[in-house]
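# Structure assessment
What follows is the residue order along each chain.
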Amino acid sequence: MKEKNYPGRVITHYGNQLEVEILDGPLAGLTQRCHQKGNTSRLVTGDLVTCRPGSTNTGVIISQSDRINAFGRFDSGGKFKPLASNLDCVLVVIAATPKAYINLVDRYLVALRKLELDAFLLLNKVDLIDENKDQSLQRMLQIYGDLGYPILKVSAKSGIGFEALGRQLAGQTTVLVGQSGVGKSSLINRLGSYKSAKVGNLSQTKYKGTHTTTTTRLYHLKNFDLIDSPGVREFSLTKVTKQEILSGFPEIQSLATNCKFRDCSHRGEPYCAIREGLKSGVVFQERYDSYQNILGNLD
């Protein structure tokens, strides 16, 4: 009997094998370990493929469909490393601990703008926030809120804010990104009402998150899908142009065309509209510093 091919979606990796969910036919909803044929490019979670299930529960991936989009990062050599594909939006997770840095969030936002992906911010561990001590975090939330970025506040521990989060995610495939230790796996567990993702503790030596997620995985949760990705402490931007960086700061980009000099660096030139925007409060100092920092790292 001739073996049949089926459409599928990559759920995660297991070394040299992939877990593929079959999307149609009598095997729809089942997952199968599959080998990847040598003539196909490196696959990531979310990729749509054609697979041929095997009788020993180990199949083979025949081909890959074109990606709508892909989220990933560049390695130290400047090569793009995709982590997930075919996404509707990206949820950038920050928390009371470990400390959130505006420059890291901005690096995500620059990358997502380039990929034309919608993003919103999620503050986890709201139950740990001390408004008197966490003033830098409050300032960060104020800045992004004023800029129009959607912000949701939740506690994976207590369940605060999860009804609104579920509404935001409904019907979408969303990838979670953020520093290690911000609680991405705990968020998935709370949303799924079961312990599906491994949870780690904060490192007591440096009070940074431990890397509990070592591979990217897709979870089916209620009426939406979430993709958990390995946490990162650094999110470097390479292979991006100055214009692409500027587009990640729309409030700065909107003023740049008003500068007197076409090649204005926005650092000290006269008649710089962005420097004037700083004085008037249209541009936040923290965002300007972050923009210049990212530009400086391209030099």
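Heads up: the structure comes first, above all this text.
### Focus: the sheet that holds strand S11 (residues 173-177)
- Across the sheet, which stays open at both edges, the six strands sit in the order S10-S9-S8-S11-S13-S12 with mixed pairing between neighbours. Lying at the two open borders of the sheet, with one neighbouring strand each, are strand S10 (151-153) and strand S12 (217-221). When the angles between neighbouring strand axes are averaged without regard to direction, this sheet yields 25°.
- Relative to strand S13 (residues 224-228), S12 runs antiparallel, the two being bridged by five bridges. Its bridge partner being in S13, tyrosine 219 is matched across the sheet by leucine 226.
- Across the sheet, helix H3 (residues 162-169) lies against strand S8 (89-95), strand S9 (118-124), S10, S11 and S13, angled at about 165° from S9, the strand it touches most.
- Of the strands in this sheet, S8, S9, S11, S12 and S13 touch helix H4 (residues 184-192), which is tilted by about 155° from S13.

### A closer look at the packing of aromatic side chains
- Throughout the structure, instances matching the rule amount to two aromatic pairs.
- Residues tyrosine 144 and tyrosine 149 carry aromatic rings whose centres are separated by 5.8 Å and whose planes lie at 85° to one another, so their mutual orientation is edge-to-face.
- Note on tyrosine 144: relative accessible area 0%, which makes it buried.
- Between the NZ or CZ atom of arginine 33 and the centre of the ring of tyrosine 14, over which it lies, the distance is 3.8 Å.
- Seen from the ring of tyrosine 219, arginine 217 lies directly overhead, with NZ or CZ sitting 5.7 Å from the centre.

### Details of the nonpolar core
- The biggest cluster of nonpolar side chains holds 30 residues, and the ones touching the most others in it are Phe71, Val92, Ile94 and Tyr144.
- Elements that contribute at least two residues to this core include exactly strand S7 (80-85), S8, helix H1 (102-114), S9, helix H2 (135-146) and S11.
- Of the residues forming this core, the biggest block, six residues, is contributed by H1.
- Setting aside its immediate chain neighbours within four residues, isoleucine 94 contacts Ala100, Val105, Leu122, Leu123, Asn124, Leu137, Met140, Leu141 and Val182.

### Describing the packing of H1 against H2
- Where H1 meets H2, the axes come as close as 11 Å, and the angle between the chain directions of the two elements is 30°. Classified by the angle between their axes, H1 and H2 sit roughly parallel to one another. Like other packed secondary-structure pairs, H1 and H2 cross with a definite hand, here right-handed. The segment H1 lies against H2, with Ile102, Val105, Asp106 and Leu109 engaging Met140, Ile143 and Tyr144.
- Tallied by class, the residues present in the contact of H1 with H2 amount to six nonpolar, no polar and one charged.

### Some words on helix H8 (residues 285-296)
- Helix length check: H8, at 12 residues, gives a terminal C-alpha distance of 16 Å against a target of 16 Å (1.5 Å per residue), a fit within 8%.
- In the core, the buried residues of H8 are packed alongside H1, H2, helix H5 (242-247), helix H6 (250-256) and helix H7 (273-280).

### Description of the sheet that holds strand S4 (residues 48-52)
- Taken in spatial order, the five strands close into a barrel running S1-S2-S3-S5-S4, and their pairing is mixed. Ignoring strand direction, the axes of neighbouring strands in this sheet form an average angle of 55°.

### Re the pairing of strand S5 (residues 58-64)
- Both strand S3 (residues 31-36) and S5 contribute to a ladder of four bridges, which runs parallel. Paired with glutamine 36 across the bridge in S5 is isoleucine 61.
- Relative to S5, S4 runs antiparallel, the two being bridged by four bridges. Across the sheet, residue threonine 50 finds its bridge partner in S5, namely serine 63.
- Hairpin connection from S4 to S5: five residues lie between these consecutive antiparallel strands, with asparagine 57 at a positive phi of about 65°.

### Re the state of the cysteines
- Following the criterion strictly, the structure yields zero disulfides and no others.
- Of all cysteine sulfurs in the structure, the one in cysteine 34 sits closest to cysteine 51, which takes part in no disulfide; the separation is 4.7 Å.
- Assessed through its relative accessible area of 0%, cysteine 51 is described here as buried.

### Considering H4
- Within H4, seven of the nine residues are buried, leaving the element largely enclosed by the surrounding structure.
- Three or more residues of H4 are buried, namely Lys184, Ser185, Leu187, Ile188, Asn189, Leu191 and Gly192.

### A word on the side chain of glutamine 292
- Inspection of the secondary structure assignment puts glutamine 292 in helix H8.
- Among residues more than four places away in sequence, those in contact with glutamine 292 are Ser265, His266 and Arg267.

### What to know about the pattern of salt bridges
- What the rule picks out here adds up to 10 salt bridges.
- A salt bridge links arginine 139 to glutamate 286; the shortest N-O distance between them is 2.9 Å. Placement of the pair is arginine 139 in helix H2 and glutamate 286 in helix H8, with a sequence separation of 147 residues.
- Since its relative accessible area comes to 30%, arginine 139 is described here as partly exposed.
- Its relative accessible area of 27% is what places glutamate 286 among the partly exposed residues.
- Here glutamate 276 and lysine 279 are joined by a salt bridge, their closest N and O atoms 3.6 Å apart. Residue glutamate 276 and its partner lysine 279 are located together in helix H7, separated by three residues, close to a single helical turn.
- Taken together, the shared-partner salt bridges connect Arg9, Glu21 and Asp225 into one network.

What counts and what doesn't
Throughout this description, residue numbers start from 1 for each chain and increase along the sequence as written. Per-residue local features of the predicted model are confined to residues with pLDDT of at least 70, and side-chain atom pairs are confined, for both listing and counting, to 80 or more; whole-chain, interface and lining totals are unaffected and use all residues. Side-chain figures throughout are based on the complete set of non-hydrogen atoms in the structure, without hydrogens or water. In short, DSSP must find at least two bridges between two strands for them to pair. Elements are defined by DSSP. Helices are runs of H or I of four residues or more, strands are runs of E of two residues or more, and each kind is numbered from the N terminus. Axes, fitted as lines to C-alpha atoms, cover a helix only where it is in contact. Angles between the N-to-C directions of the axes lie from 0 to 180 degrees. Contact definition: two residues touch when any of their heavy atoms are within 4.5 Å. Aromatic pairs are defined between Phe, Tyr and Trp rings, using the six-membered ring for Trp, whenever the two ring centres lie within 6.5 Å; interplanar angles under 30 degrees are classed as stacked, those over 60 as edge-to-face, and all others as tilted. Classification of residues uses two cut-offs on accessible area relative to the type maximum, computed with a 1.4 Å probe and protein chains only: under 20% is buried, over 50% is exposed, and between them is partly exposed. Working rule: Lys NZ or Arg CZ, within 6 Å of ring centre, within 35 degrees of ring normal, means a charge sits over the ring. As used in this record, nonpolar core signifies buried Ala, Val, Leu, Ile, Met, Phe, Trp, Tyr and Cys residues forming a set joined through side-chain atoms within 4.5 Å. Relative orientations are named as follows: roughly parallel for angles under 35 degrees, roughly antiparallel for angles over 145 degrees, roughly perpendicular for angles from 65 to 115 degrees, and oblique for any other angle. Rotating anticlockwise by less than a right angle from the far helix to the near helix defines a left-handed crossing, while the corresponding clockwise rotation defines a right-handed one. Any residue outside Ala, Val, Leu, Ile, Met, Phe, Trp, Tyr, Cys, Pro, Asp, Glu, Lys and Arg is labelled polar, Gly included; the first ten of those are nonpolar and the last four are charged. By this rule the span expected of a helix is its residue count minus one, scaled by 1.5 Å. When two cysteine sulfur atoms are found within 2.5 Å, that pair is recorded as a disulfide. One speaks of a salt bridge when a side-chain nitrogen belonging to Lys or Arg is within 4 Å of a carboxyl oxygen belonging to Asp or Glu.

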